[in-house]
Amino acid sequence: QVRLVESGGGLVQAGGSLRLSCAASGRTFYAMGWFRQAPGKEREFVSAIVWSADSAYYADSAKGRFTISRDNAKNTVYLQMNSLKSEDTAVYYCAAARALDYGLGLESRYDYWGQGTQVTVSS
């Protein structure tokens, strides 16, 4: 049974940092990614990693501030978020894809989803 278990969300001041974790079980994946959704907004891509290549990809809003990484032994993906801004406030979702040849940034390309974890950045 495939499970994605997220943790690490919370309340942080602007300029602060958080690290999100997503522990996967049940199978291996080609890629894993992070999406976020603020109230009244569309869900948007944040970052993704191709597992075997350890190759990272970022939305423009995340570049220079966020870092995605993996721990192969723990089958876990992390999102280190630094210099947080109020516009980063959202529910963050972990996602996993069995296979991809395009569309790392497209929600529809992912097969499994975590429950989401709330990130709130105060001014």
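Just above sits the structure.
Chemist: Just checking my understanding: could you explain the overall build of the protein for this structure?
Modeler: In terms of regular secondary structure, the protein is built from zero helices and eleven strands. Relative to the 2.2 N^0.38 estimate, which gives 14 Å for 123 residues, the radius of gyration of the protein is 13 Å and therefore close to what a compact globule would have. With respect to the three principal axes, the spread of C-alpha positions in the protein is 40 × 25 × 25 Å. Here the protein, with 123 residues, has 41% of them falling under the buried criterion.

Chemist: What is the right way to look at the state of the cysteines in this model?
Modeler: When the sulfur atoms of two cysteines share a covalent bond, that bond is a disulfide. What the rule picks out here adds up to one disulfide. Each sulfur of the disulfide joining Cys22 and Cys94 lies 2.1 Å from the other. On the sign convention where negative is left-handed, the bridge of Cys22 and Cys94, at about -80° about the S-S bond, is left-handed. Placement of Cys22 in strand β3 (residues 18–25) and of Cys94 in strand β9 (residues 90–97) is noted, with a sequence separation of 72 residues between them. On the accessibility criterion, Cys94 (0% relative accessible area) is buried.

Chemist: Please explain the environment of Ala90 as it appears in this structure.
Modeler: Position of Ala90 among the secondary structure elements: in strand β9. Setting aside its immediate chain neighbours within four residues, Ala90 contacts Arg36, Gln37, Ala38, Thr117, Gln118 and Val119.

Chemist: Would you mind showing me how to read unusual backbone geometry here?
Modeler: Trans peptide bonds make up most of the peptide bonds, and negative phi angles are found at most residues other than glycine. For Asp54, which is not glycine, the phi torsion reads 55° and is therefore positive. Its location among the elements puts Asp54 in the loop between β5 (44–50) and β6 (55–58). Its relative accessible area of 44% is what places Asp54 among the partly exposed residues.

Chemist: Teacher, can you tell me more about the side chain of Thr117 here?
Modeler: Along the chain, the position of Thr117 falls in strand β11 (residues 117–122). Here Thr117 falls in the buried class, since its relative accessible area comes to 12%.

Chemist: How do you make sense of the pairing of β9 when you look at a structure like this?
Modeler: Each regular strand carries side chains that alternate between the two faces of the sheet. With seven of eight residues buried, β9 is to be regarded as a mostly interior element. Bridge count between strand β4 (residues 31–37) and β9: seven bridges; the pairing is antiparallel. Bridge pairing in β9 links Gly33 to Ala95. When β9 meets β11, the two strands line up antiparallel, connected through three bridges. When the sheet's bridge partners are listed, Tyr92 is paired in β11 with Thr117. Judged from the two bridges that link them, β9 and strand β10 (residues 112–113) form a sheet pairing that is antiparallel. By the bridge assignment, Ala95 is partnered in β10 with Trp113.

About the cut-offs
The written sequence of each chain sets the order in which its residues are numbered from 1. Given that this is a predicted model, residues contribute local features only at a pLDDT of at least 70 and side-chain atom pairs are listed and counted only at 80 or more, while totals for whole chains, interfaces and linings are drawn from all residues. The side-chain figures draw on all heavy atoms in the structure; neither hydrogens nor water molecules are used. In this description a helix means any DSSP run of H or I spanning at least four residues, a strand means any run of E spanning at least two, and both kinds are numbered starting from the N terminus. Two things to know: the radius of gyration comes from C-alpha atoms, and the globule rule equals 2.2 Å times the number of residues to the power 0.38. Only protein chains enter the accessibility calculation, which uses a 1.4 Å probe. A residue is then buried if its area is under 20% of the maximum for its type, exposed if over 50%, and partly exposed in between. Two cysteine sulfur atoms make up a disulfide if the distance between them is within 2.5 Å. Two residues qualify as a contact provided that any one of their heavy atoms is within 4.5 Å of a heavy atom in the partner residue. Strand pairing follows a simple DSSP-based rule, namely that at least 2 bridges must link the two strands.

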